[in-house]
Amino acid sequence: MSNLSGFRFSKLVGRNLANRPYRNIATIFAFALIAGTLFSSQFLSNGAEQSLDAGMDRLGADIMVVPDKYLFAGQTVLLTGEPTTFFFEDAGFEEISRIPGVAKASPQMYIATLFASCCAAPVQMIAIDPETDFTISAWLVDNPGVKMGEDDIIIGSNIIQDPGKELMFYGHIFHVVGTLDQTGTGMDNSVFTRFEDAYVMAGESGAKAVKKLNIPREMASAVLVKVEPGMSPEAVADEIERQVPGTRTILPNGLMSAVNGQLAAVTLLLEGSAVAVTVVSIPLLGLVSALVANEQKKDISILRALGATKGFVTWLILAESFALAIIGSIIGIGVATWFLVIYQDFITFSLKIPFIIPSNLTILAEGGGALLLSVAIAGTASIYPVFRITRSEPYEGIGRGVS
Amino acid sequence: MIEAIGVTKTYRTGSSEVRAVDNAHLHVHSGEFILILGRSGSGKSTLLGMLAGLIRPSAGTVRFKGMDIGILSDDRISEIRAREIGFIFQFSGLLPTITVLENVLVPSLFYRSGDNCRSRALDLLDTVGLSERTAAYPRTLSSGEMKRAAIARALINTPSVLIADEPTGDLDIDTEFEIMELFSRLNREGMTVVMVTHNPDLVPYATRTLGMDRGMLSERFLSLHPGNGSSTGTGNPP
Amino acid sequence: MATDKKISGIGALLIVLGLLVILTPWVLFPVCEVEGLYLKTAAGMQIPMKCGWTARAETGVGALIMVAGGLLVVRSTPETRQAVGVFSAAAGILVILFPTFLIGMCAVADHPCRQLTLPALEVLGVIVVLIGAYLIWKGGNE
């Protein structure tokens, strides 16, 4: 259809669009809204899912066992990192280790640190047993230069301090030896230390800290479990809850459901908006498309008279529609991405969901999906004008019986 | 070249029926310059539309180079229009969103008659006296200028037949003369011309003149030599 | 002339945007400068309250944007348009750079200065830059 030394089809499309700026701006706005809302809901839910995957991956555990009274607190540690302190009344650690299907088990203790002023970070301290731990040890394997010795801590990505410097909790000085990668979960607000150092800190807290900290010995807040390869984590989790009374288990799927529950309101709003905008837009866009085609009837008849096939004029109408859909979608997706990125802190804290910006591939797929939907809507809205064109005679638009 | 056999076009408006063309017979031979004279409303434009395959006859057949265009596919007819027929509308019919030069180049979207469309378009615009207005948009042109651009557009693909509906309608006398000389030259070079007009002064340019009145076509008996000022008469040829 | 009215309108818009830049860190999405310009955390570190300093800087830039907008309303020659355009683009970039690279905001993700003030300033900055770019382009076309 194009002609190198003559006139191009794309130029004709562009000129026709430029001729109707106000109507096109309104159409572009509609497509931007559709694509933007759909993209946003996908962006948020994928961001939450990828964050959870990263967090659970970082944790290295298939199952987290917590006291049944503190199930929600346990989820909070993982999801948002709001500091909390709780313990098993009866450790049950040895029993858990003995359950068939449990490959590794490691206890952890959760201690909330103090708030000093408005601007101190809320920090969740997690004490680990270096002998059995498989959370931090995995990270240490990836970072062989780092050793975790006395009073050494490894901090989450949200904690403000550089490796080599110090942090003080309950009056006790710790040395920062490493920073974990961002996961978007509560892990980012956590610091990891050894059980022994936590006990020392608690012991000194009466003299050195604002408030005394009491940590019972030989007790844990949670037990992280790694399951034997080939075993079903759900089955092992059920077995743990059955054999060790007073426990509840948290699994990644379960967490995702919890997160989805919180996200549901937002994604429902966004997806609902996308559907509503689509439903309203299709007839509206169809009307605009029909009006435009009506105005263009004469021009189309002229093109037909000059030798344009029905296919050509069909493509002309569709190309104009698709161009508007693509431009609108790109604008909508671009603006949505921009707002979601710059407001991500606000979103995650107000929705209380884990969130990281999805991978580039995911964003591309989300954008592609939203774009395809817009193009499909554009095509649908153009059905009637195209139908009219293909059924009419070329000279109809010019007027009959002119002379 | 083109044959119209008993073509009729009837339009229905509500309960009434209008016969724009009534049982017309016309055989256009290759190389002829045919002039069809008639007043407004006589059905000239409708007849031209049927000859170009733009309007489907209610009855009768139209043949182009022996092919019955009534049974051809729409794509095939479009191809014939693009390659073979240069059509000039009564109202000039320029596309408002593109420039004069781009308008002239539009037919090249459907059929490329060569690699130098652009220079050919510029030559044609120069021939019709629009070399200064190639970048102008139709809304800034006078009706005469628009008509001249439409003429250039009809010729861009070097068609074998030119079908023109009142091509000199909006032109001043001097320009009309120039355009008719152009048509005459093209005709001598082999292009068939079928032209509709209400101006009897143009008869001498034609090799054959017909009349149209209330949808009915009739041969105007005339000497076949153009420009010799012979008197005209209406009726069937001997 | 319609174009003059449009340019005056853009000037008025710049005045409004400049005002918003000033109001954002103090009133609309205020930074929490409760303990003065420096803060000692529980962990024993002394950190500057960057958001407070950023707010002051934004006040200055916002005022300049308002002046530029006023100039455009009062005197709308092609040269003025281009000059205001260049200035607005630069000022808009500063509005974005102050809270991000030049000064910064609190590093803690859950603080209002980071969650709300920063994104709002980024949006305002981009709009001012776009207006500046438009004025430059428009001035260049005449």
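The structure we're discussing is the one just above.
How each quantity is defined
Counting from 1, residues in each chain are numbered in the order their sequence is written. Chains and ligands are labelled sequentially in the order written, the chains with letters from A and the ligands with numbers from 1. Since the coordinates come from a predicted model, pLDDT governs what is reported: local features require at least 70, and pairs of side-chain atoms require 80 or more to be given and counted, while whole-chain, interface and lining totals use all residues. Secondary structure elements are defined from DSSP: runs of H or I of at least 4 residues count as helices, runs of E of at least 2 residues count as strands, and each element is numbered from the N terminus. Three exposure classes are used. Buried residues have 20 or more other C-beta atoms within 10 Å of their own C-beta, exposed residues have 12 or fewer, and partly exposed residues fall in between, all C-beta atoms being placed from the backbone. Any two residues are considered in contact once their C-beta atoms, placed from the backbone, lie within 7 Å. Residue polarity follows a fixed list, in which Ala, Val, Leu, Ile, Met, Phe, Trp, Tyr, Cys and Pro are nonpolar, Asp, Glu, Lys and Arg are charged, and the others, Gly among them, are polar. Strands qualify as paired when DSSP identifies two bridges or more between them. Angular values range over 0 to 180 degrees, each being the angle between N-to-C directions of two axes fitted as lines to C-alpha atoms, with helices fitted over their stretch in contact. Core membership is restricted to buried Ala, Val, Leu, Ile, Met, Phe, Trp, Tyr and Cys residues, and these are joined into a nonpolar core through C-beta atoms within 7 Å. Residue ranges for the domains trace back to a domain assignment, done automatically or taken from a database.

A.B. asks: It is not clear to me how unusual backbone geometry should be interpreted in this structure. Could you clarify?
C.D. replies: Most of the time, phi is negative for any residue but glycine, and the peptide bond is trans. Residues and elements named next belong to chain B. The phi torsion at Asn23 lies on the positive side, around 50°, for a residue other than glycine. For Asn23, the position within the fold is in strand β2 (residues 16-28). In this model, Glu166 sits at a positive phi of 50°, which is unusual for a non-glycine residue. Here Glu166 is to be found in the loop between β7 (161-165) and α6 (173-188). Residue classification places Glu166 among the buried residues on the basis of 24 C-beta atoms within 10 Å.

A.B. asks: Is there a simple way to think about the interface of chain A and chain B in this case?
C.D. replies: One widely used convention gives an interface's size as the accessible area the parts lose upon coming together. The interface is formed by 26 residues belonging to chain A together with 38 residues belonging to chain B. If you list the elements that add at least two residues to the side of chain A that touches chain B, you get α1 (9-18) and α9 (297-305) of chain A. With four residues, the single largest contributor to the side of chain A that touches chain B is α1 of chain A. By residue class, the composition of the side of chain A that touches chain B is 12 nonpolar, nine polar and five charged.

A.B. asks: Just to check I follow, could you spell out the sheet that holds strand β8 (residues 222-227) of chain A for this structure?
C.D. replies: Sheet strands line up and pair through hydrogen bonds in the backbone, either parallel or antiparallel. All names here are of chain A. The nine strands are arranged β5-β6-β4-β7-β3-β2-β8-β1-β9 in an open sheet whose pairing can be described as mixed. Edge positions in the sheet fall to β5 (166-169) and β9 (247-250), since each has one partner strand and no second. If you compare each strand with its neighbour and ignore which way they point, the axes differ by 35° on average. Alignment of strand β2 (residues 102-112) against strand β3 (residues 124-128), held across five bridges, turns out to be antiparallel. In the sheet register, Ala112 faces β3, and the bridge partner there is Gln124.

A.B. asks: Even after reading the chapter, I still don't get the arrangement of the chains, so can you show me in this structure?
C.D. replies: The protein chains that touch form two pairs of chains, and the pair with the most contacts between them is chains A and B. There is no contact between chain B and chain C; across them, the least C-alpha separation is 18 Å.

A.B. asks: How should the nonpolar core be read in this particular structure?
C.D. replies: Generally speaking, soluble globular proteins have nonpolar side chains that are buried together. Core analysis: the biggest nonpolar cluster contains 174 residues, and Val225 of chain A together with Ile34, Leu51, Val104, Ala152 and Ile163 of chain B have the highest contact counts within it. Counting only domains with at least three residues in this core, you end up with domain 1 (9-52 + 258-398) and domain 2 (63-250) of chain A. Residues in contact with Val225 of chain A, not counting those within four places in the same chain, are Ala61, Asp62, Ile63, Val65, Ile96, Val102 and Ala105 of chain A. Ala55, Val84, Leu94 and Ala120 of chain C belong to the second largest nonpolar core, which has 33 residues in total.

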